[in-house]
Amino acid sequence: MVFTGGLRSLLPLAVRNLIRFNKLNTSNTSGMAEGYKQANVVILHKSLADNFEKFCHANNGPLPLLYRSKPGDWKCPSLSSNSDIRTDCLQYRVYEYGLCTGTLTSLKEYSDQLKDMVTFYLGCSFSFEKAVQKLGVPVRNIEQKSNVSMYKTDVPCLSVATFCCNLVVTMRPIPEDKLEAVVLATYPLKESHGAPVHIGDAGLLGIQDFSNPDYGDPVQPHPGDVPVFWACGVTGMEAISNCKSPLAFAHSPGCMFITDQKNEDAEAYLKEIPEVHCISQSPLYYSIVSAAAVKRIRDLESLIGIDPAGRNQGPVIHPLLRLARKFSKSPVRGHRGVKHLFCQDQLLKACLSISHAQSVLITTGFPTHFNHEPPEENDGPPGAIAIAAMLQALGKYVVIVTDLRAMNLFKQIIEEAVQQGILKAPVPLMSYQGDASESALMFLCDDGNVKKPRFDHLIAIERAGMAADGNYYNARKINIKHLVDPIDELFIAARTIPGVTTTGIGDGGNELGMGKVKEAVKKHIKNGDVIACDVEADFTIVAGVSNWGGYAVACSLYILNTCEIHDRYLRKAIGFPRLSKKVVWASALPSVTKEENLLQILRHHGVRSGITASLEMEVDGLSFYSTHSDMIEKLLGVLH
Ligand SMILES: O=C1CC[C@H](C(=O)O)N1
């Protein structure tokens, strides 16, 4: 008699007995013994056991260790009664010198060799499928009675001794509106791989042929399903294969060892609530972050969205004020109307995307004071340097691109910023003139090959932006095209390169990257009909002063990288939490002292305040003390 009845409700011991006596006609144990933990199995020589245990701890996403046996012990008392690892899996794989030389339904013939071998029981995603279904999320491999799809990736695990391999993942197609539910259901279950390590396009994991899984079965997604990937215990199989030991065994993918241990109760662990946010449509990519971190970043976003009074140029100046302005020397109070340009969660999405980037290009420089030398204003460079400082601390590659004309100025500013500890290391400077020999694609990609972009993310902060007529205008509608290199072309080209994302930070609508809000600029900003920048960015961060946007990006990256949920997602549950770097990241945050010193450096080089062209300690016609110093303190206050 071959049992194929309702396996879900059978208790583990009953299922193990059916397996032991070859009475189970199925290819995998997904959906069986509901509510009980299942385990990946790795059996290797006792001389390798200590290092393999270290390898599991160093990669506890794919290899959550449930139990390590004594040499020659076929039982695992802490996980199950009356079990025998030689017979209680549906199928085993034999590895000899790293090669899989066959599959077996019993290891009894190797009982002699097994006397010197240690068994590792490792957590498995089949254990969380019930919890996922309880939240109303369909599990397609159970619906289709197939094994789960598993893929090799190009993500290297943390190596230990002779154990060195890439991460293997399981993939389950999940309806887009259930992504947050599936993360909520799985993230507490660390012993069953926890939260997904990737949500979105398989290519981003280095998976070449998504329709052909390396292990398990292809699973048919429903329309609207999003590929969701978890770390997988079959990674252990890759590890024992690569270490080329004379003899090793593993369960066959999907043919798990079923324990008597009930799954953990998810609710008990919910100390943080995870959120899922889409950061790219093509390629499709979602990020994960805690609700607490999202709230703090939204606090930063509302802080920088304040349209500061205390300067001129606003369409809403009261007629009496306008009259007063005619006779007064200093700028009068008024608002620029930047509030009308604001769009929700742009800071959050931009920073989630930047957090995933390894190589970032920042461009700044707005030569608004065309009759001064240098013509640059001091809104932009401080924000750019604040972002660069944090990106450097996070170990990312960052460059600053500016006008060829201004390279020397920026070189000196950066050198002095390093001397004063505002930057830990010089930021490489580049120019782009877009002349015939140098196309945007050649600049952005190795050999102009869109498959090999040099940068994952481009950020423009208070960078002169091209208007619809191809000119560049300052707030007073003066055409400054003769002072501006066509760096916009890099942003226009980036939209055609999959995997390269762009962010624009501005405070008046005439900056590079403000194209998405150009209608609002035309409607609400003085001279908007002429000065509005026409070039879009994927994310548009609007701030009362652009430097504030740069400070907020630096603070947001700090919040994201000190969020345990986001940190684990960034490192794909490989290696250890990077929280030990928190001190380094904190020292890279902007501060009033750093910003005051940087403003001094700028004014010593003749870089003037926007609007007033003053060389006083002010930016955009607002005095450093206390408008900007207060803003910096408020932004830092959100972090603590
Ligand atoms: O062999 C398998 C199938 C899926 C399971 C896992 O570790 O998630 N291992």
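Computed from a prediction, not measured in an experiment: that's the story for all the values here.

1. So, helix α1 (residues 12-20)
Of all the residues in α1, the buried ones are P12, V15, R16, L18 and I19. Each buried residue of α1 lies within a common arc of 160 degrees when the element is viewed along its axis, so the set occupies one face. If you follow the buried residues of α1, they end up packed against β1 (36-45) and β11 (257-262). Looking one or two residues past α1, N22 carries a phi angle of roughly 50 degrees, positive in sign.

2. Things to note about the site of the ligand
Lining the immediate environment of the ligand, one finds 15 residues, of which N40, S125, H193, G233 and G254 sit closest. One nitrogen or oxygen atom from the side chain of N40 is found 2.8 Å from a nitrogen atom belonging to the ligand. At a separation of 2.9 Å, an oxygen atom of the ligand approaches a polar backbone atom of G254. Contact with the protein chains hides 100% of the accessible area of the ligand, taken as 270 Å² for the molecule alone. Taken together, the residues that form the shell around the ligand break down as eight nonpolar, seven polar and no charged.

3. Topic: the side chain of E377
Position of E377 among the secondary structure elements: in the loop between β14 (359-365) and α11 (381-393). A relative accessible area of 4% means that E377 is categorised as buried. Ignoring anything within four residues of it in the chain, the contact list for E377 reads F366, T368, H369, E462, V607, R608, G610 and D620.

4. So, the pattern of salt bridges
The full count for this structure, using the stated rule, is 29 salt bridges. Put simply, D299 and K295 hold a salt bridge, and the shortest N to O gap is 2.8 Å. Within this pair, D299 and its partner K295 are both found in helix α8 (residues 291-304), separated by four residues, close to a single helical turn. Residue classification places D299 among the partly exposed positions, given a relative accessible area of 27%. One salt bridge connects D446 with R454, and the closest N-O pair in it is separated by 3.0 Å. R454 sits in the partly exposed class, given a relative accessible area of 37%. Because the salt bridges share partners, they merge into one network encompassing R16, R20, D88 and D260.

5. A look at the packing of α11 against helix α20 (residues 592-604)
At their nearest, the axes of α11 and α20 sit 10 Å apart, and the two run at 130 degrees to each other. Between α11 and α20, the angle is such that the two are oblique. Remark: the crossing between α11 and α20 carries right-handed chirality. On the side of α11, the interface is formed by P381, P382 and I385, while α20 contributes E595, L598 and L602. Residues belonging to the contact of α11 with α20 are distributed by class as follows: five nonpolar, no polar and one charged.

6. Regarding the sheet that holds strand β7 (residues 166-175)
Judged by pairing direction, the sheet is antiparallel, and its six strands sit side by side in the order β6-β7-β9-β8-β13-β12 without closing on themselves. Whereas interior strands pair on both sides, the edge strands pair on one side only; in this sheet they are β6 (149-156) and β12 (274-280). Going across the sheet, the axis of each strand differs from the next one's by a mean of 35 degrees, ignoring polarity. Docked against the sheet, helix α6 (residues 179-186) engages β7, β8 (198-200), β9 (225-231), β12 and β13 (285-290), running at close to 135 degrees with respect to β12. Helix α7 (residues 235-243) contacts β6 and β7 of the sheet and is inclined by roughly 160 degrees relative to β7.

7. Digging into the environment of L66
Looking at the secondary structure, you find L66 in strand β2 (residues 65-68). Overall, L66 belongs to the buried group, its relative accessible area being 16%. Residues L66 and M407 lie 341 residues apart in sequence; the distance between their C-alpha atoms is 58 Å. Not counting chain neighbours up to four residues away, the residues in contact with L66 comprise Q38, A39, L79, Y121, L122, G123 and E191.

8. Remarks on the confidence of the model for the protein
For the protein, per-residue confidence averages 93 on the pLDDT scale, and 94% of positions sit at 70 or higher. Confidence over residues 312-317 falls short of pLDDT 50; this stretch has 23 contacts with residues more than four positions distant or in other chains. Segment residues 328-334: pLDDT under 50, and 16 contacts once partners within four positions in sequence are set aside and those in other chains are kept. For this predicted complex, the interface confidence score (ipTM) comes to 0.99, while the overall pTM stands at 0.93.

9. Overview of the packing of aromatic side chains
Aromatic rings in a pair are described by how distant their centres are and how their planes are angled relative to each other. Tallying each qualifying case throughout the model produces 13 aromatic pairs. Taking the centre distance of 5.2 Å and the plane angle of 70 degrees together, the rings of F52 and F163 count as edge-to-face. Highlighted residues: F52 in helix α2 (residues 46-58) and F163 in the loop between β6 and β7, separated in sequence by 111 residues. A network of ring pairs unites the aromatic residues F52, F55, F120 and F163 as a single cluster. When the ring centre of W74 is taken as reference, the NZ or CZ atom of R86 above it lies at 3.5 Å. Directly above the aromatic system of W230 lies the positively charged group of R172, at a separation of 5.5 Å from the ring centroid.

10. Digging into the packing of α8 against helix α21 (residues 624-639)
Where α8 meets α21, the axes come as close as 9 Å, and the angle between the chain directions of the two elements is 170 degrees. Comparing the axis directions of α8 and α21 gives the class roughly antiparallel. Listed contacts from α21 to R296, D299, L300, L303 and I304 of α8 are M631, K634, L635, V638 and L639. For the contact of α8 with α21, the class distribution of residues is seven nonpolar, no polar and three charged.

11. Points about α11
In this model, α11 (13 residues) spans 18 Å end to end at C-alpha, consistent with the 18 Å of a helix rising 1.5 Å per residue. Summarising burial for α11: 13 of the 13 residues are buried, a large majority. G395 lies just past α11 and shows a positive phi near 80 degrees.

12. A short note on the sheet that holds strand β16 (residues 429-430)
Reading across from one edge, β16-β15-β14-β17-β18-β19 is the order of the six strands in this open sheet, with parallel pairing throughout. Of all strands in the sheet, those with a lone pairing partner are β16 and β19 (539-542), marking the two edges. Judged from the five bridges that link them, β14 and strand β15 (residues 397-401) form a sheet pairing that is parallel. Paired with L361 across the two strands is V399, which belongs to β15. Against the sheet, α11 touches β14, β15, β17 (457-463) and β18 (501-506), its axis set at about 165 degrees to β14.

13. Some points on the environment of L391
When you line up the elements, L391 lands in helix α11. When its relative accessible area of 0% is taken as the criterion, L391 is described as buried. Separated by 252 residues in the primary sequence, L391 and V139 place their C-alpha atoms 39 Å from one another.

14. Some details on the environment of S355
Looking at the secondary structure, you find S355 in helix α10 (residues 346-356). Put simply, S355 and S287 are 68 residues apart on the chain and 9.6 Å apart in space, counted from C-alpha to C-alpha. Aside from chain neighbours lying at most four places away, what touches S355 is K396, L557, L560, N561, H566 and L570.

Conventions adopted
- Residues numbered from 1 in each chain as written.
- Predicted model: local features only at pLDDT ≥ 70, side-chain atom pairs only at ≥ 80, totals over all residues.
- Heavy atoms only, no water.
- Buried < 20%, exposed > 50% of the residue type's maximum accessible area, 1.4 Å probe, protein only.
- Helix = DSSP H or I, 4+ residues; strand = E, 2+ residues; numbered from the N terminus.
- Arc of directions from axis to C-beta.
- Contact = heavy atoms within 4.5 Å.
- Near = heavy atom within 4 Å.
- Polar contact = N/O pair within 3.5 Å; in protein donor to acceptor, adjacent residues only side chain to side chain.
- Areas by Shrake-Rupley, 256 points an atom, 1.4 Å probe, with all protein chains shown as cover.
- Nonpolar A, V, L, I, M, F, W, Y, C, P; charged D, E, K, R; others polar.
- Salt bridge = Lys/Arg side-chain N within 4 Å of Asp/Glu carboxyl O.
- Axes fitted to C-alpha atoms, helices over the stretch in contact; angles between N-to-C directions.
- Parallel < 35°, antiparallel > 145°, perpendicular 65-115°, else oblique.
- Left-handed = near helix turned anticlockwise from the far one by under 90°.
- Pairing = 2+ DSSP bridges.
- pLDDT = per-residue confidence, 0-100.
- Phe/Tyr/Trp six-rings, centres within 6.5 Å; stacked < 30°, edge-to-face > 60°.
- Lys NZ or Arg CZ within 6 Å of the ring centre and 35° of its normal.
- Expected span 1.5 Å × (residues − 1).

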